[in-house]
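# Inside the fold
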Amino acid sequence: MYALALVSPHRRHPFTTKLALVGGAVATALCWTFSCIAAEQFEKPSEPPSLYSCPTPPHSINNNTTALLHHQLPADTREPMVAIIIDDLGYQLSAGKQLLALDAPLTLAIIPFTPHGKTLAELAHQHHREVMVHAPMETLSNRSWEPALHEAMNQQQLESLSLKMLSAVPYARGMNNHGGSLLTQRHEHMGWLMAVLAEQQLYFVDSRTTPNTVAGEMALRQELPEQSRDIFLDNIRTVDAIRKQLHKLEAIALKHGTAIAIGHPYPETLKVLQEELPQLKTKGIQLRSVSDVIGATAKRTKFAQKTIQPTQTTTHRQPKG
Ligand SMILES: [Zn+2]
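Calculation rules
- Residues numbered from 1 in each chain as written.
- Predicted model: local features only at pLDDT ≥ 70, side-chain atom pairs only at ≥ 80, totals over all residues.
- Helix = DSSP H or I, 4+ residues; strand = E, 2+ residues; numbered from the N terminus.
- Buried ≥ 20, exposed ≤ 12 C-beta atoms within 10 Å, placed from the backbone.
- Contact = placed C-beta atoms within 7 Å.
- Axes fitted to C-alpha atoms, helices over the stretch in contact; angles between N-to-C directions.
- Parallel < 35°, antiparallel > 145°, perpendicular 65-115°, else oblique.
- Left-handed = near helix turned anticlockwise from the far one by under 90°.
- Nonpolar A, V, L, I, M, F, W, Y, C, P; charged D, E, K, R; others polar.

Each helix and strand in the protein was counted, giving 14 helices and 9 strands. Taken across its 321 residues, the protein has 45% of its residues classed as buried. Taking the contacts inside the protein whose residues are at least 6 apart along the sequence as the reference set, 74% of them involve residues at least 24 apart.

Given below as structure tokens:
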């Protein structure tokens, strides 16, 4: 598992928290700490500008090793890959249809029990687009949500609502959280949820609405395919800001091999996607479904584990603890 952190240091928040503890990396730790404090203020935190400009963590493999690894990677994972999730779907059929009209394999995250959620999931499937459940979860701000997974639920209640959410969104291959700044901090509840997803052979994407999320950690304990989103595209809802975020996503993928973004069906987001996505290929980046990206990350990780072991020295422990 430590090799996972070596390859993708930006992915595992529990790991970065530990990083702050191991010393000798004060600048990096401060940088990540700052980004976490910033994220805590909002349900959908802005991607802090510091994230990408953080100094390279001390555990990172050097450039030569990265280049060597790259050439030896399995062919299907060698090219950098991004996935873009568009979430909060299901209220307006037109928004979903506009996304499907884009000739691009975006992944659609649909809120269960919404007026058009089921229809949109079926349409997406017909258009060969991947579908996810965008599951409402209790937030710290205690605002009222759609039927949501709550801290007050016992195991049976949480499992039952999770299963209903899954069946409300046909063809779903995985789930991410809508809100959840409170619930994703709860080990017990996340454990119950991940067990349901594991049984259904689904994946989980942590939207990371709080820096204290344990969702990814609990998914790993269930051996569930999982990955955290790297950036939000449209917290600042202007064409320029969204374009900048998309370029940041591309840079992360070029550096780390894979990256996941979350956006929303805003006209500004659609405009940027329409203009920018056709150029991805010329930049050597593939736009793929979330399950493809999670699969590629797993392959890269396994490969790195096999390749870089004995000579690496590292001071951090496995994220699972
Ligand atoms: Zn949402």
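So, about the packing of helix α9 (residues 155-168) against helix α10 (residues 187-199). The contact between α9 and α10 brings their axes to 10 Å, and the two run at 45°. When the axes of α9 and α10 are compared, the pair comes out oblique. The crossing of α9 and α10 is right-handed. Along its contact with α9, which presents Gln155, Leu158, Glu159, Ser162 and Leu163, the element α10 presents His189, Trp192, Leu193 and Val196. Class assignment of the residues belonging to the contact of α9 with α10 gives a composition of 5 nonpolar, 3 polar and 1 charged.

Two measures define how a pair of helices packs: the angle their axes make with one another and the distance between the axes. It is at 9 Å that the axes of helix α12 (residues 239-256) and helix α13 (residues 267-280) come closest, and there the two elements cross at 50°. Viewed along their axes, α12 and α13 adopt a mutual orientation that is oblique. Where α12 crosses over α13, the handedness of that crossing is right-handed. Here Val239, Ile242, Arg243 and Leu246 of α12 come into contact with α13, specifically with Glu268, Thr269, Lys271, Val272 and Glu276. In terms of residue class, the contact of α12 with α13 is made up of 4 nonpolar, 1 polar and 4 charged.

With respect to the element layout, Pro265 can be found in the loop between β8 (258-263) and α13. Under the C-beta neighbour-count criterion, Pro265 is labelled buried, with 20 such atoms within 10 Å. Measuring from C-alpha to C-alpha, the distance between Pro265 and Ser94 comes to 9.9 Å, with 171 residues separating the pair along the chain.

So yeah, pure geometry; function would need other evidence.
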